[in-house]
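Chain by chain, the residues:
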Amino acid sequence: MPVNSSRPAPPDDPSVITADATALGLRRVTVDTDIGPVTVRAGREAGGPAMILLHGAAGSWTTWSPLLRADDERGAVVDDVIAVDLPGWGESALPTADPVTVGDLSAAVATVARSLGYRSWRVVGHSLGGFVALDLAVREPEATIRVDLVSPTGIGVVEAIRQPVGGGARLPWFAGMLLAMRLLQALGERGSGLVRALNRIGLLAPLMSPLFGRRRDLDRSVVDALAADVRPASFLLAARAAAAYDLHVWRGVRCPVRGMMGDRDVFIGPDDTAVLAALVPDLRVRTLPATGHFAAVEHPEAVLELVTSE
């Protein structure tokens, strides 16, 4: 993938989250899919294949802006980018399907990529996005060249949703977030106001700190982005879709899968890597030290090494 030297110089700190797509060489595009319109940021065209970036729950395409800034600092080798706002997140509306399935989400991603002219792609998925990326690889074996996973949702989270007592005890931070999302949804608009108020008075950052390894001094842009992306209805839809999913489907993945998990990720269960290895034929996973659930924000250079490796 050739270097594109026409892009603006990035800021010095790649861990700042930005919604300025133009500065990253991307444009806003909305595509109609079977479950409603999906908005993405796409660009850096170099002839394909696409690099599809899928964020996690409580996220949007902006989750990947530190990675893209780090790439620009290195010389901009990540091209043909499609940074997706998954249905219900960012600027994409809630899916029209009820209930929505993981297969609905991956089919929508494939529709977006093909509508932009791509016939093959690599997929990078964080958290929920990793779940969708693996399903996409199964459903589109000819088109999916490779999957890169960043702290993907695994068996630990699935069991915490299916069995709140036993599974939740093994992943208490996820169980707590699931409960918080249910309470926020019950509060409606007052729930959104509560999140904004906590952020305004500086209490949201310490509440979020367990998600971020050793970093306790999160940049304000990171906290603000996560606060804006708290979508209880979308989170609970995603949780139900994950709970209903048959992980054995992943035995059908035919492309290489490479992964990166933080050693302090409170959303990764003790059996996640072993279960994933038993299901996915060509898997390699590395552990990133002093890292929580958002490796692409905490250590974008390390994730960049993963997604640009052969």
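All values derive from a computational prediction rather than experimental measurement.

I tried to follow the environment of glycine 252 on my own but got confused; where do I start?
By the secondary structure assignment, glycine 252 is in the loop between helix H10 (232-243) and strand S7 (257-262). Judged by its relative accessible area of 23%, glycine 252 falls in the partly exposed class. In sequence terms glycine 252 and aspartate 135 are 117 residues apart; their C-alpha atoms lie 9.0 Å from each other.

Help me out: how do you make sense of the sheet that holds strand S4 (residues 81-84) in this one?
Backbone hydrogen bonds are what pair the strands of a sheet, in a parallel or an antiparallel way. Taken in spatial order, the eight strands of this open sheet run S1-S2-S4-S3-S5-S6-S7-S8, and their pairing is mixed. Single-partner strands in this sheet number two, and they are strand S1 (26-33) and strand S8 (283-288). The average undirected angle you get between the axes of adjacent strands in this sheet is 20°. Running at roughly 120° to S1, helix H2 (residues 102-115) makes contact with S1, strand S2 (36-43), strand S3 (50-54), S4 and strand S5 (121-126) of the sheet. Most of the contacts of helix H13 (residues 300-308) go to strand S6 (residues 144-150), to which it runs at about 160°, and overall it touches S3, S5, S6, S7 and S8.

Can you walk me through the environment of proline 152 in this structure?
Position of proline 152 among the secondary structure elements: in the loop between S6 and helix H4 (155-162). Between the alpha carbons of proline 152 and leucine 128 there is a distance of 6.4 Å; along the sequence they are 24 residues apart. Beyond its immediate sequence surroundings of up to four residues, proline 152 is in contact with Ser127, Gly130, Met261 and Ile268.

Whenever I open this one, the nonpolar core confuses me. Can you help?
In globular proteins that are soluble, nonpolar side chains generally tend to be buried together. Formed by 81 residues in total, the largest nonpolar core has its most connected members in Ile52, Leu54, Ile82, Trp121, Phe174 and Trp250. Ignoring any residue separated from it by four or fewer positions in sequence, one finds tryptophan 250 in contact with Phe131, Leu134, Asp135, Val138, Thr153, Tyr245, Leu276, Leu279, Val280 and Pro281.

Just checking my understanding: could you explain the confidence of the model for the protein for this structure?
For any part of a model where pLDDT is low, the fine detail of the predicted coordinates should not be relied upon. Averaged over all residues, the pLDDT of the protein equals 90, while 94% of them reach at least 70. Per-residue pLDDT stays below 50 along residues 1-14; that stretch engages in 27 contacts with residues further than four places along the chain or on separate chains.

Looking at this structure, how should I read the pairing of S7?
A large share of S7 lies buried, amounting to six of its six residues. Because side chains alternate across S7, one face comprises the buried residues Val257, Gly259 and Met261, and the other comprises Arg258, Met260 and Gly262, equally buried. Strand direction decides the pairing type here: S6 and S7, joined by four bridges, are parallel. By the bridge assignment for S7, valine 147 is matched with valine 257. Looking at chain direction, S7 and S8 are connected through six bridges and run parallel. Each residue of the ladder has a partner; that of glycine 259, found in S8, is valine 285. With respect to chirality, the unit in which S7 leads through helix H11 (residues 272-279) into the neighbouring parallel S8 is right-handed.

Explain unusual backbone geometry here, please?
Note the cis peptide between glycine 48 and proline 49, where omega equals 0°. By the element assignment, proline 49 lies in the loop between S2 and S3. Geometrically, the link from aspartate 98 to proline 99 is a cis peptide bond, its omega value of 0° lying close to zero. Looking at the element boundaries, proline 99 is found in the loop between S4 and H2. Here alanine 58, not a glycine, exhibits a phi torsion of approximately 60°, which is positive. Mapped onto the fold, alanine 58 is located in the loop between S3 and helix H1 (65-74). Taking relative accessible area as the criterion, alanine 58 reaches 11% and is therefore assigned buried. Notably, serine 127 is not glycine yet its phi reads approximately 55°, a positive angle.

Explain the pattern of salt bridges to me, please; I cannot follow it from the model alone.
Side-chain pairs of opposite charge can arise whenever the charged atoms involved come near each other. Within this structure, the stated rule accounts for 14 salt bridges. Put simply, glutamate 91 and arginine 28 hold a salt bridge, and the shortest N to O gap is 2.5 Å. Of this pair, glutamate 91 sits in the loop between S4 and H2 while arginine 28 sits in strand S1; the two residues are 63 residues apart in sequence, bridging distant segments of the chain. Classification of glutamate 91 as partly exposed rests on a relative accessible area of 42%.

What's the story with the pairing of S3 in this structure? I'm lost.
Note on strand geometry: in a regular strand, side chains alternate between the two faces of the sheet. Burial within S3 is extensive, with five of its five residues counted as buried. Bridge analysis of S3 against S5 gives five bridges, and the strand direction is parallel. Along S5, the bridge assignment pairs alanine 50 with tryptophan 121. Viewed along the sheet, the connection from S3 through H1 into S4 turns out right-handed.

About the thresholds
- Residues numbered from 1 in each chain as written.
- Predicted model: local features only at pLDDT ≥ 70, side-chain atom pairs only at ≥ 80, totals over all residues.
- Heavy atoms only, no water.
- Helix = DSSP H or I, 4+ residues; strand = E, 2+ residues; numbered from the N terminus.
- Buried < 20%, exposed > 50% of the residue type's maximum accessible area, 1.4 Å probe, protein only.
- Pairing = 2+ DSSP bridges.
- Axes fitted to C-alpha atoms, helices over the stretch in contact; angles between N-to-C directions.
- Contact = heavy atoms within 4.5 Å.
- Core = buried A, V, L, I, M, F, W, Y, C linked by side-chain atoms within 4.5 Å.
- pLDDT = per-residue confidence, 0-100.
- Right-handed = clockwise from strand over helix to strand, strands pointing away.
- Salt bridge = Lys/Arg side-chain N within 4 Å of Asp/Glu carboxyl O.

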